[in-house]
Amino acid sequence: MLAAAIALPAFGYSAWLAPVLVLLPWYAAELAFARGVGWYGSWRMPLALLIRDIVFPGVWAYAFVARDEDQDGRGGRAERRAGPDVPCNDEK
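Below is a summary of the structure that appears in this document. (Residues numbered from 1 in each chain as written. Predicted model: local features only at pLDDT ≥ 70, side-chain atom pairs only at ≥ 80, totals over all residues. Heavy atoms only, no water.)

1. A few points about a nonpolar patch on the surface
The line we're drawing: Patch criteria: residues need more than 30% relative accessible area and no salt bridge. Like-charged residues are merged within 9 Å; nonpolar side chains of Val, Leu, Ile, Met, Phe, Trp and Tyr are merged within 5 Å. Accessibility throughout is a Shrake-Rupley quantity obtained with a 1.4 Å probe, and a residue counts as covered only by protein chains that appear here. Salt bridges, as used here, are contacts in which a Lys or Arg side-chain nitrogen is within 4 Å of a carboxyl oxygen on Asp or Glu. Per the convention used, a helix needs a DSSP run of H or I reaching at least four residues, while a strand needs a run of E reaching at least two, with both numbered from the N terminus. For each residue, the accessible area found with a 1.4 Å probe, counting protein chains only, is set against the maximum for its type, and the residue is called buried under 20%, exposed over 50%, and partly exposed in between.
On the surface, a cluster of nonpolar side chains totalling about 1000 Å² of accessible area is made up of Leu47, Leu50, Ile51, Ile54, Val55, Phe56, Val59, Trp60, Phe64 and Val65. With respect to the secondary-structure elements, Ile51 resides in helix H3 (residues 45-66). Judged by relative accessible area, Ile51 falls into the partly exposed class, the value being 46%.

What follows is the structure in structure tokens.
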């Protein structure tokens, strides 16, 4: 998308046209696929797809920063919420 934004002004077009030219065919194909397999779709779907694509990098980055698992891969917080009658792995 960045390359299109840089190249379009050389051809006399606005750089703001680049996201439209990249995302329009992408979302059209995604909506056609969803309709083809019988998934629900409405007029709000393109906006939902755009919001998903804007938010996803933040969710992805948070997954690396959060560190919500122990070294062995088990979630530590879920075990601590088990209750007073169930021993916690932290207590040995």
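Right, picking up where we left off after that structure.
2. Digging into the pattern of salt bridges
A full pass over the atoms with the stated rule returns two salt bridges. Between Arg52 and Glu30 there is a salt bridge; the shortest N-O distance is 2.9 Å. Taken as a pair, Arg52 in helix H3 and Glu30 in helix H2 (residues 17-36) lie far apart in primary sequence, 22 residues in all. The exposure class assigned to Glu30 is partly exposed, which follows from its relative accessible area of 24%. One connected set of salt bridges, linked through shared partners, spans Glu30, Arg52 and Asp53.

3. Focus: the environment of Leu8
Filter applied, for reference: Should any heavy atoms of two residues lie within 4.5 Å, those residues are counted as being in contact.
Among the secondary structure elements, Leu8 is positioned in the loop between helix H1 (2-7) and H2. The exposure class assigned to Leu8 is buried, which follows from its relative accessible area of 12%. On a C-alpha basis, the gap between Leu8 and Ala18 in space is 7.1 Å, while along the polypeptide they are 10 residues apart. Setting aside chain neighbours within four positions, we find Leu8 in contact with Tyr13, Ser14, Leu17, Ala18 and Leu21.

4. Here's the deal with the packing of aromatic side chains
Each aromatic ring pair is summarised here by two numbers: the centre-to-centre distance and the angle between the ring planes. Just so we agree on the cut-off: Note on ring pairs: Phe, Tyr and Trp rings are taken, using the six-membered ring of Trp, and paired if centres are within 6.5 Å. Classes follow the plane angle, with under 30 degrees stacked, over 60 edge-to-face and the rest tilted.
In the structure shown here, the tally under the stated rule is two aromatic pairs. With a centroid separation of 5.4 Å and an interplanar angle of 90 degrees, the aromatic rings of Phe33 and Trp39 are classed as edge-to-face. Note on Phe33: relative accessible area 49%, which makes it partly exposed. Overall, Trp39 belongs to the exposed group, its relative accessible area being 55%.

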